[in-house]
Amino acid sequence: MLQTELGESSKPVQELKGATVRLVGDSGDGMQLSGMQLTNTSALAGNDIATFPDFPAEIRAPRGTRAGVSGFQVHFSSEEIFTPGDGLDALICMNPAALVTNLRDLKPNGLLIVNEDSFEDKDLKLAKLAKNPLEDGTTDGYRLIRVKMTQLTRDAVAETKISVKEADRCKNFFAMGLVFWLYGRDLTPTLRFIEKKFAGKTDVATANRLALMAGWNFGETTEAFPTTYQVPPATLPGGTYRSVIGNQALAYGLMTAAKLSGKKLFLGTYPITPASDILHELSRFKHLDVLTFQAEDEIAAVCSVIGVAFAGQMGVTTSSGPGILLKGEGMSLGVMMELPMLIIDVQRGGPSTGLPTKTEQADLLMAIHGRHGECPMPVIAAASPADCYDAAIEAWRVATRLMTPVMILTDGYIANGSEPWKIPDVQTMRPIAIHHPTETQDSKFLPYERDNLLARPWAIPGTEGLMHRIGGLEKEDRTGNVSYDAANHQHMVNTRAQKVRNVNDLVEPPVIFGQRSGDVLVVSWGGTFGACRTAVTQLQALGHSVSHLHLRWVNPLPAELKAMLAGFEKIVIPELNTGQLRQLIQGQLSISAEGINKVEGKPFSVGELVAKIQAIALKCDSQIATSE
Amino acid sequence: MNTALPVLKAGDFGSDQDVRWCPGCGDYSILAQMKKILPDVGIPPHKIVFVSGIGCSSRFPYYMNTYGMHTIHGRAPAVATGLKIANPDLTVFVITGDGDSLSIGGNHLLHLIRRNVDLNIILFNNRIYGLTKGQYSPTSLQGHVTKSTPGGSLDYPLNPLSVVLGADATFVARSIDFNTKHLGETLYQATQHRGTSFVEVLQNCNVFNDGAWEHLTDKDVKDDNLLVLHHGKPMVYGKNNDKGVRLQGLTPQSVVLGGAVNEQHLLVHDQSAPEPHIANLLARFSNPDLPVPIGVFRQVSRPCYEEQVHQQVQQAKAKSKGDLSAIFNSGDTWTVS
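Here the structure is a predicted model, which means the values were calculated and not measured.

Residue and element names in this part refer to chain A. According to the domain assignment, chain A contains domain 1 (2-230), domain 2 (242-428) and domain 3 (512-627). When each unit is reduced to the centre of its C-alpha atoms, the spacing between domain 2 and domain 3 is 27 Å. Listed as interface residues are 30 residues of domain 2 and, on the opposing side, 21 residues of domain 3. Surface buried jointly by domain 2 and domain 3 totals about 2200 Å² across both partners, of which 60% is contributed by carbon and sulfur atoms. Area buried by domain 2 at its contact with domain 3 is led by Q361, L364 and L365, which between them contribute 30% of it. Linking domain 2 to domain 3 there are two salt bridges. Note that D387 is salt-bridged to R552, the shortest N-O span being 2.8 Å. On inspection of domain 2 and its partner domain 3, the count reaches 14 residue pairs in polar contact (both at pLDDT 80 or more). For the side of domain 2 that touches domain 3, the secondary structure elements donating two or more residues are α14 (364-369), β14 (379-381), α15 (387-402), β15 (405-411) and α16 (412-416). The dominant element in the side of domain 2 that touches domain 3, judged by the number of residues it contributes, is α15, at six residues.

Attention now moves to the packing of aromatic side chains. Residues and elements named next belong to chain B. One pass over the structure, following the stated rule, counts 23 aromatic pairs over all chains. Aromatic side chains W21 and Y63 sit 5.1 Å apart centroid to centroid with 80° between the ring planes, which places their arrangement in the edge-to-face category. Within this pair, whereas W21 is found in the segment before α1 (27-41), its partner Y63 is found in the loop between β1 (48-52) and β2 (67-70), the two being separated by 42 residues in sequence. The class of W21 is buried, set by a relative accessible area of 7%. By way of ring pairs, the aromatic residues W21, Y28, F50, F60, Y63, F93 and F124 are connected into one cluster.

This next bit is on the sheet that holds strand β4 (residues 120-125) of chain B. Taken in spatial order, the nine strands of this open sheet run β17(A)-β2(B)-β1(B)-β3(B)-β4(B)-β6(B)-β5(B)-β11(B)-β7(B), and their pairing is mixed. Strand pairing shows two members of the sheet lacking a second neighbour, β17 (469-471) of chain A together with β7 (226-228) of chain B, which therefore form its edges. With direction set aside, neighbouring strand axes in the sheet form an average angle of 20°. Relative to strand β6 (residues 197-202) of chain B, β4(B) runs parallel, the two sharing six bridges. Its bridge partner lying in β6(B), L123(B) is registered against E200(B). Against the sheet, helix α13 (residues 328-337) of chain A touches β17 of chain A together with β2 of chain B, its axis set at about 140° to β17(A).

The next subject is the domain arrangement of chain B. Residue and element names in this part refer to chain B. As far as domains go, chain B holds domain 1 (10-233 + 269-310) and domain 2 (234-268). Look at where the C-alpha atoms of domain 1 and domain 2 centre, and you get two points 28 Å apart. The interface of domain 1 with domain 2 comprises 18 residues on the first partner and 15 residues on the second. Approximately 1300 Å² of surface area, both sides summed, lies buried where domain 1 meets domain 2, with 69% of it carried by carbon and sulfur atoms.

All names here are of chain A. Axis separation between helix α7 (residues 188-197) and helix α8 (residues 202-221) bottoms out at 9 Å; the angle between their running directions is 160°. Overall, the two elements α7 and α8 adopt an arrangement that is roughly antiparallel. Crossing angle aside, the handedness with which α7 passes α8 is right-handed. From α7, T190, L191 and I194 reach across to α8, where they touch A205, N208, R209 and L212.

Rules of the game
- Each chain carries its own residue numbering, running from 1 in the direction its sequence is written.
- The lettering of chains begins at A and the numbering of ligands begins at 1, in the order of writing.
- In keeping with the model being predicted, local features are shown solely for residues with a pLDDT of at least 70 and side-chain atom pairs are shown and tallied solely at 80 or more, while totals for entire chains, interfaces and linings include all residues.
- With hydrogens and water excluded, all non-hydrogen atoms of the structure serve as input to the side-chain values.
- An automatic or database domain assignment supplies the residue ranges for each domain.
- Contact criterion: two residues are considered in contact whenever any of their non-hydrogen atoms come within 4.5 Å of each other.
- Accessible area that two parts lose when put together, with a 1.4 Å probe and added across both, is what the buried area reports.
- Only one rule defines a salt bridge in this text: a Lys or Arg side-chain nitrogen within 4 Å of an Asp or Glu carboxyl oxygen.
- Distance and chemistry together define a polar contact, namely a pair of N or O atoms within 3.5 Å, with one atom able to donate a hydrogen and the other to accept it when in protein, and with adjacent residues in sequence counting only for side-chain atoms on both sides.
- Helical segments are the DSSP runs of H or I of at least four residues, strand segments are the runs of E of at least two, and each set is numbered from the N terminus.
- Only Phe, Tyr and Trp rings are paired, with Trp represented by its six-membered ring, and only when their centres lie within 6.5 Å; those with planes under 30 degrees apart are stacked, over 60 edge-to-face, the remainder tilted.
- Burial classification: accessible surface area is computed with a 1.4 Å probe over protein chains only, and a residue below 20% of its type maximum counts as buried, one above 50% as exposed, and the rest as partly exposed.
- Any two strands with at least two DSSP-identified bridges between them are counted as paired.
- Only the stretch in contact is used when fitting a helix axis, every axis being a line fitted to C-alpha atoms; angles between N-to-C directions are given from 0 to 180 degrees.
- Roughly parallel here means an angle under 35 degrees, roughly antiparallel means over 145, roughly perpendicular means 65 to 115, and every remaining angle is called oblique.
- Two helices crossing with the near one rotated counterclockwise from the far one by less than a right angle form a left-handed crossing, whereas a clockwise rotation gives a right-handed crossing.

Structure below.
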């Protein structure tokens, strides 16, 4: 039987540096699951990976319609990569709606694999197509491979006696099997996954296994594929790796920060896309003293965290744009009370309900300024899925050292995307030192006394002799008593602002990638790191004088930022908004900058950045001088 | 017996801050009774936290020499929930008013109560917004003329006890600022309950709504308008204890005792009844047809939220071992040398 030989194809093998593959189908077709399997398997094969899941806001939009199309893109490579890839090398379409909405992303002569069984008249009608795109020339210029996936899957699973409906639900495993064959992927991890996922449902497990192998065998036997591909392992630093999703990495980072600071982690939150997976992830770890509290609303969520912070534990609240807005008054109280806590905004398309499952970077100004009064708060932005881990730890380090709420910005793109993550050894990480006073030197405890970085003491209820009251009314310096004194208010506003600027005394300054002076400096923040870094690398290879500066802390801006920018003729700031960091930099530093801005609910492609940055670079004096 | 423990007095619970309520405000009485009962409760000040929202009543924590949080409008229940989950050893009070907890914070109040977090809510009900200088509140009567309702309020008032009984409160009581002895006793009983205790204190705002509860505090009429609840006792009231409440079908009725009607015909108060049917009826008693009850309406036992939270943690610890490293390394990993 073929199945005993699975894993080695007998066909000629063509070696590739990397490939970008997208699986698309109905939101009920299991494309997300298939994509994750391809991701894990590619990671296990040693490739560098980057993924981009893209799905509708509805759980099950009407079947077969364009609105219901759900896709998962995987970029795997033998080289270091930072993005899920621009053009697709292969596109696997489960129905006509998936085909017509995704075909434009397939490279010329790219591989187009379709489930031919789902291109009947009724399917075309659901996709609002007058003609069959497989017949009308739509697919000209691509390598079209028609596969009767529905029928082949039914045949493959016939022996299990499951219903036709159940059999049809296995066809994503057939598609997976075919893709795995095509790229020489090992089936073992997915077979293991099937065994675990469908434990207790023997028939379903068997059917999925059969479908997976049938897909693999189809590739091996059909004459449609003359060759199979191979992407060798990438060269990564030594260590043990796994693939990690951004929200998951963030949850792990929070748990690590709690451990390093000897605190119990409390997540007070309210479900919202695309942040809910942090709650789901953390709720699994009660045995590590992780408490999750699904509050009645966003406001209660942040307020519960304020209570937790006063009690002396690690309080965290998570949300996305609409929820962060509701947390505004709670965050303001946190700033006034000067308690450490983390607020996490997984940004999505706005305003209002906006594009809940799509990515955007349009909450930057809200994160920095979106509270009443002079209410400064440090803001850190994670650069990639794995970086969410480090950002969470760094944020808690700063929050506890300075006694302030800290906001972490991520976005739907890095929250749902995945990449290889070198598993850290928590035992060897630097602890986060926290001191709770147990006695007072003065006759009376002074809750708003300051240390060298302006942090106040974190005295917690239950400590004898340190009873004190804190609240939202303006505080008298040192005593913390209610004060309406004019000079005191000015002093306290200044103090809170300076405290946030003191973040720069605690964190590493950003580093310019490339020359420290030249034509163009690309300045980025957050989840656009990968596309910007890749674009700049390509431009440098083309001989352009382009460097890259990625900001990790967006509030405060780095103390030396102005000096860093001064070395370049043009500053270019790509953002998935209409120019929010650009406003900050221009406003705070009086340096003019050009924006590359897009709000389409999807990340930058490397190609578009290269083209736009190149156009700017060519207008620089040195370029013009050379051409003259 | 540990004789080394210092004996605390009411004065030990007062902070050094000047109290800034208007002279004659009912809040002074509640503050005094709170300081008076706390030595009997026996919890030292450093293990007590007063959490409040916004409003006149919410200045309360500043005047207590305990830990305290003066938070944001309506949100004290949510802050207190987090605090109590993070440290269940603390004794927590939520101090709130009718606007704070029934208008802007109505949602949080309901959810705190249904979860049955072990803390004490003291709601100062003066039927007016005081700190914002005299607008009508969710408990103001219809037709109430205030700064914001020159033509009279159109809103139908909320009944605080019906609201909290609807959320399945496990301890529900009412008292009156002027009735200091009853108030002290009621506050003390609230502290002895495990789970959320809810005490409505009918409180006079002598500046913006003076006399709102006069019919229950004026010594000439109060006894004929009030029903003081005693667990296990028939519901007798009146200046001369000559009236009572009985049930005709599902309808409560005020009756004069004597002749054919005696105490045996009256409702007997059972604060520990598993179902809150009678408590719901009592919550709706109003003058002039029925006396307004004060005392403990309901006290039943149900597991506390924070206790269950920590039980789940213990159960999880018994079931799953492993640390961060085990979690990070679970699933598919690969090694690069």
